[in-house]
Amino acid sequence: METGKVLDLDRLTEEVKTLAVSMGHFLKKERLSFDRNRVEQKGAHDYVSYVDRTSERMIVERLHDLCPEAGFITEEGTGSLEDQEYCWVVDPLDGTSNYIHDHVPYCVSIALRNRKEILLGVVFECGRDELFWAHKGAEAYLNDRVIHVSDQAVLDQSFIELGLPYKAVQYKPFALEVIASLYGRVGGLRLAGAAAAELCYIAAGRFEARIEGFIGPWDIAAGSIILKQAGGRMTDFSGNPDCFDAREVFASNGKIHEELLKVLQSHKKLLEN
Ligand code: LIP
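Residues numbered from 1 in each chain as written. Predicted model: local features only at pLDDT ≥ 70, side-chain atom pairs only at ≥ 80, totals over all residues. Heavy atoms only, no water.

Asker: Account for the overall build of the protein chain, naming residues and giving values.
Answerer: The number of helices and strands found in the protein chain is seven helices and 14 strands. In terms of overall dimensions, the protein chain is globule-like: its C-alpha atoms have a radius of gyration of 18 Å, near the 19 Å expected for 273 residues. Residues classed as buried in the protein chain amount to 56% of the 273 residues present. Counting only contacts in the protein chain whose residues sit at least 6 apart along the sequence, the fraction spanning at least 24 positions is 64%. Looking at the protein chain as shown, the accessible area adds up to about 12,000 Å², and 50% of this sits on carbon and sulfur atoms. Within the protein chain, the 43 negative side-chain charges are centred at a point lying 2 Å from the centre of the 31 positive side-chain charges. (Helix = DSSP H or I, 4+ residues; strand = E, 2+ residues; numbered from the N terminus. Rg over C-alpha atoms; globule rule 2.2 N^0.38 Å. Buried < 20%, exposed > 50% of the residue type's maximum accessible area, 1.4 Å probe, protein only. Contact = heavy atoms within 4.5 Å. Areas by Shrake-Rupley, 256 points an atom, 1.4 Å probe, with all protein chains shown as cover. Lys, Arg positive; Asp, Glu negative; His and termini not counted. Charge placed at Lys NZ, Arg CZ, Asp CG, Glu CD.)

Asker: Run through the nonpolar core, naming residues and quoting values.
Answerer: One finds Val123, Phe132, Ile147, Ile226, Leu227 and Met234 to be the most contacted residues of the largest nonpolar core, which totals 39 residues. For this core, the leading source of residues is helix H5 (residues 195-203), giving eight residues. (Core = buried A, V, L, I, M, F, W, Y, C linked by side-chain atoms within 4.5 Å.)

Asker: Summarise the pattern of salt bridges; cite the residues concerned and give the values.
Answerer: Scanning the entire structure with this criterion turns up 15 salt bridges. A salt bridge links Asp151 to Lys255, with the shortest nitrogen-to-oxygen separation between them at 3.8 Å. Of the two residues, Asp151 is situated in the loop between strand S9 (145-147) and strand S10 (159-162) and Lys255 in the loop between strand S14 (248-252) and helix H7 (257-267); the sequence distance between them amounts to 104 residues. You can call Lys255 partly exposed: its relative accessible area is 39%. Residue Lys268 is joined to Glu248 by a salt bridge in which the shortest nitrogen-to-oxygen separation is 2.8 Å. Placement of Lys268 in the segment after H7 and of Glu248 in strand S14 is noted, with a sequence separation of 20 residues between them. (Salt bridge = Lys/Arg side-chain N within 4 Å of Asp/Glu carboxyl O.)

Asker: Would you mind going over the pairing of strand S12 (residues 209-213) in detail, with residue names and values included?
Answerer: Burial within S12 is extensive, with five of its five residues counted as buried. Both faces of S12 are covered, namely the face carrying Ala209, Ile211 and Gly213 and the face carrying Arg210 and Glu212. The sheet contact formed by S10 and S12 spans three bridges and is parallel. Residue Leu162 lies in a different strand from S12, and its bridge partner there is Ile211. The pairing of S12 with S14 spans five bridges and is classified as antiparallel. Counterpart to Ala209 in the pairing with S14 is Ser252. (Pairing = 2+ DSSP bridges.)

Asker: Any chance you could break down helix H4 (residues 168-182) for me, citing the residues and the numbers?
Answerer: Along its 15 residues, H4 runs 19 Å from first to last C-alpha, staying within 8% of the 21 Å computed at 1.5 Å per residue. Residues Tyr171, Phe174, Ala175, Val178 and Leu182 constitute the buried set of H4. Tucked inside the fold, the buried residues of H4 contact S10, strand S11 (188-191), S12 and H7. Count one or two residues on from H4 and you reach Gly184, which has phi positive near 90°. (Expected span 1.5 Å × (residues − 1).)

Asker: I'd like to hear about the side chain of Ser109, residue by residue, with values.
Answerer: With respect to the helices and strands, Ser109 occurs in strand S5 (residues 107-114). Residue class for Ser109 comes out buried when judged on its relative accessible area of 0%.

Asker: So, the packing of aromatic side chains: which residues are in play, and what are the values?
Answerer: Evaluation of the coordinates by the stated rule reveals 10 aromatic pairs. With centroids separated by 5.3 Å and ring planes inclined at 75°, the aromatic side chains of Phe34 and Tyr99 adopt a geometry described as edge-to-face. Note that Phe34 is positioned in the loop between helix H1 (9-32) and strand S1 (40-43) and Tyr99 in helix H3 (residues 96-100), a separation of 65 residues in sequence. The two residues Phe34 and Tyr99 agree in class, both being buried. For the pair Tyr171 and Phe214, a centre-to-centre distance of 6.2 Å together with 85° between the ring planes defines the contact as edge-to-face. (Phe/Tyr/Trp six-rings, centres within 6.5 Å; stacked < 30°, edge-to-face > 60°.)

Asker: So what's going on with the packing of H1 against helix H2 (residues 50-66)? Residues and values would help.
Answerer: Across the interface, H1 lies against H2 with an axial gap of 11 Å and an inter-helix angle of 160°. When the axes of H1 and H2 are compared, the pair comes out roughly antiparallel. Helix-helix and strand crossings are classified by hand; for H1 and H2 the assignment is right-handed. Listed contacts from H2 to Leu12, Glu15, Val16, Leu19, Met23, Phe26, Leu27 and Glu30 of H1 are Tyr50, Val51, Thr54, Ser55, Met58, Ile59, Arg62, Leu63 and Leu66. (Axes fitted to C-alpha atoms, helices over the stretch in contact; angles between N-to-C directions. Parallel < 35°, antiparallel > 145°, perpendicular 65-115°, else oblique. Left-handed = near helix turned anticlockwise from the far one by under 90°.)

Asker: Which residues make up the side chain of Asn253, and what values do they have?
Answerer: Looking at where Asn253 falls in the secondary structure, it is placed in the loop between S14 and H7. Relative accessible area serves as the criterion here: at 1%, Asn253 is assigned to the buried category. Here Gln152 takes part through its backbone oxygen, which lies 2.8 Å from a polar atom of the side chain of Asn253. (Polar contact = N/O pair within 3.5 Å; in protein donor to acceptor, adjacent residues only side chain to side chain.)

As structure tokens, this is what we get:
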């Protein structure tokens, strides 16, 4: 790691893109002979498989070779959890439940963070072989094409993604009120089950917003910079941009942010218990 020097983000991003694609191919190959009996439960309905763990180990090894000084924040806890000046934030398989059920999307998500600032992000969605990537100071891409958020500024026409976190008891009262407020009022509501990929879908202009609480930083780190460089916005449910603890994550194309934020704020007290 070129700590103290200016990082070559172009080069690092290229290395991480290659890694994410090769790990995505590994996930797809393993899926062909996937054994559901080897799935373990981390918490209520929160699963992990030998594929997540193996894949995370391989990613951490490669990233460690690339930047020996950087720490790691990973979903399955491989590598040093210590938050160094530079830190890789990794979800080896976002959308684990989809993967277990042979359903898409599911993806590899890798970001590099300097303290609280995300420097680069790469997400490879395996179902459609889509590589989303961006780094600080540059545009966001899907494969070789520059992407931008949509221009949709009318909530009534907006296509909105919801996430339902594993912490159902804490989140359900809020989620149900949000659905009650939006169902029939917006252009469509969808649940896809892979937060990292879904942030990229907003970046690519397919959706206008995504709402979820109680997710891990590995679920949003890479997608957040891809969204930002594509012109999007991410805040908590009060409009505060510092949502990296991922307790409340509201991402949008920016144009419908304020209007939708009012809906979230009106139900926010339901999350306070
Ligand atoms: C999951 C997500 C899913 C979200 C869950 C969870 P995992 O990640 O991306 O969309 O609703 O809260 O975080 O466990 O599949 O890596």
